[in-house]
Amino acid sequence: MTYSSTRRRQCAHNVALLQPETTDMEIPAPNFRVTPYGDVDAEALAALRDTYDTAMLLEWVKRIDRLCNRLAPADGLRDELLRLHRMAHTVVNGVVLIEPAGHTDVWELAQELADELDELAATFSEAAQQVRPLVALRPEQGE
């Protein structure tokens with residue numbers, strides 16, 4: 001036997017030792033799905049395809065647009081909060097009258113704003129509940 005044939009047999013033996021045995025290895029099916037927006041959990045995706053109405057997100061966009069219209073313009077929620085601050089600053093801190101006295105009592109404006117803010121909080125909580133099912137798409141991380 002020549003040196004090169006012995007060396008080849010030895011290399012082949014070493015390569016065989018390095019190769020893992022595949023007879024006992026089971027490769028599980030992937031539990032995620034590749035999408036243009038990242039990998040998602042395959043089971044959650046299947047469930048959402050049967051039950052989730054993505055059009056509801058557009059309805060929430062419309063509702064939030066209406067809320068933004070209420071928040072931003074003159075005499076909107078922002079301006080009313082500033083008005084309440086000026087009134088409370090005078091009443092609570094005793095500073096000079098900043099807000100002209102009107103027909104609305106400080107507590108009355110506070111009640112109106114508190115009710116409106118509660119309503120806004122409930123609305124945003126509902127929106128969060130509409131979005132939350134999509135969080136289930138997060139694929140499980142391997143251990």
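## A closer look at helix α2 (residues 42-51)
Part 1: Turning to α2, its buried residues number three or more, namely A44, L45 and L48. The arc that holds the buried residues of α2, viewed along the axis, is 100°, so those residues lie on one side. Of the exposed residues in α2, those oriented more than 90 degrees away from the buried face are E43, R49 and D50.
Part 2: Tucked into the core, α2 has its buried residues touching β1 (32-35) and β2 (38-41).
Part 3: Of the residues that open α2, the one with a side-chain oxygen 3.0 Å from the backbone nitrogen of E43 is D41.

## A word on the pairing of β1
Part 1: Of the strand pairs in this sheet, β1 and β2 are connected by four bridges, and their pairing is antiparallel. Across the sheet, V34 pairs through a bridge with D39, a residue of β2.
Part 2: Linking two consecutive strands that pair antiparallel, namely β1 and β2, is a turn of two residues.

## Quick notes on the nonpolar core
Part 1: In this structure, L67, L77, L84, M87, L109, L113 and L120 together form the largest nonpolar core, which totals seven residues.
Part 2: Going through the elements one at a time, α4 (77-93) and α5 (106-131) are the ones with two or more residues in this core.
Part 3: With sequence-adjacent residues up to four places away left out, L109 is seen in contact with E80, R83, L84, M87 and T104.
Part 4: V40, L45, L48 and Y52 belong to the second-largest nonpolar core, a separate cluster that totals six residues.

## Here we look at the side chain of E99
Part 1: Along the chain, the position of E99 falls in the loop between α4 and α5.
Part 2: For E99, a relative accessible area of 13% corresponds to the buried category.
Part 3: Within the local environment of E99, its side chain forms a polar contact with the side chain of R86, the two groups lying 2.6 Å apart.
Part 4: Excluding anything up to four places from it in sequence, E99 contacts R83, R86 and M87.

## Looking at the confidence of the model for the protein
Part 1: With 83% of its residues at a pLDDT of at least 70, the protein reaches an overall mean of 84.
Part 2: Confidence scores differ between elements of the protein, with helix α1 (residues 3-18) showing the lowest mean pLDDT of 56 and α5 the highest of 95.

## Some thoughts on α4
Part 1: Here α4 spans 23 Å end to end across 17 residues, near enough to the 24 Å set by a 1.5 Å rise per residue.
Part 2: Burial in α4 covers these residues: L77, E80, L84, M87 and T90. Along the axis of α4, the buried residues cluster in a sector spanning 150°; they form a single face.
Part 3: Buried residues along α4 sit in contact with α3 (55-71) and α5.
Part 4: Downstream of α4 by one or two residues, G94 has phi in the positive range, about 70°.

## Things to note about the pattern of salt bridges
Part 1: One pass over the structure, following the stated rule, counts seven salt bridges.
Part 2: R63 is paired through a salt bridge with E126; the nearest N and O atoms lie 3.6 Å apart. Here the residue R63 occupies a position in helix α3, and E126 occupies one in helix α5, the gap between them amounting to 63 residues.
Part 3: Judged by relative accessible area, R63 falls into the partly exposed class, the value being 29%.

What counts as what
Residues numbered from 1 in each chain as written. Predicted model: local features only at pLDDT ≥ 70, side-chain atom pairs only at ≥ 80, totals over all residues. Heavy atoms only, no water. Buried < 20%, exposed > 50% of the residue type's maximum accessible area, 1.4 Å probe, protein only. Helix = DSSP H or I, 4+ residues; strand = E, 2+ residues; numbered from the N terminus. Arc of directions from axis to C-beta. Contact = heavy atoms within 4.5 Å. Polar contact = N/O pair within 3.5 Å; in protein donor to acceptor, adjacent residues only side chain to side chain. Pairing = 2+ DSSP bridges. Core = buried A, V, L, I, M, F, W, Y, C linked by side-chain atoms within 4.5 Å. pLDDT = per-residue confidence, 0-100. Expected span 1.5 Å × (residues − 1). Salt bridge = Lys/Arg side-chain N within 4 Å of Asp/Glu carboxyl O.

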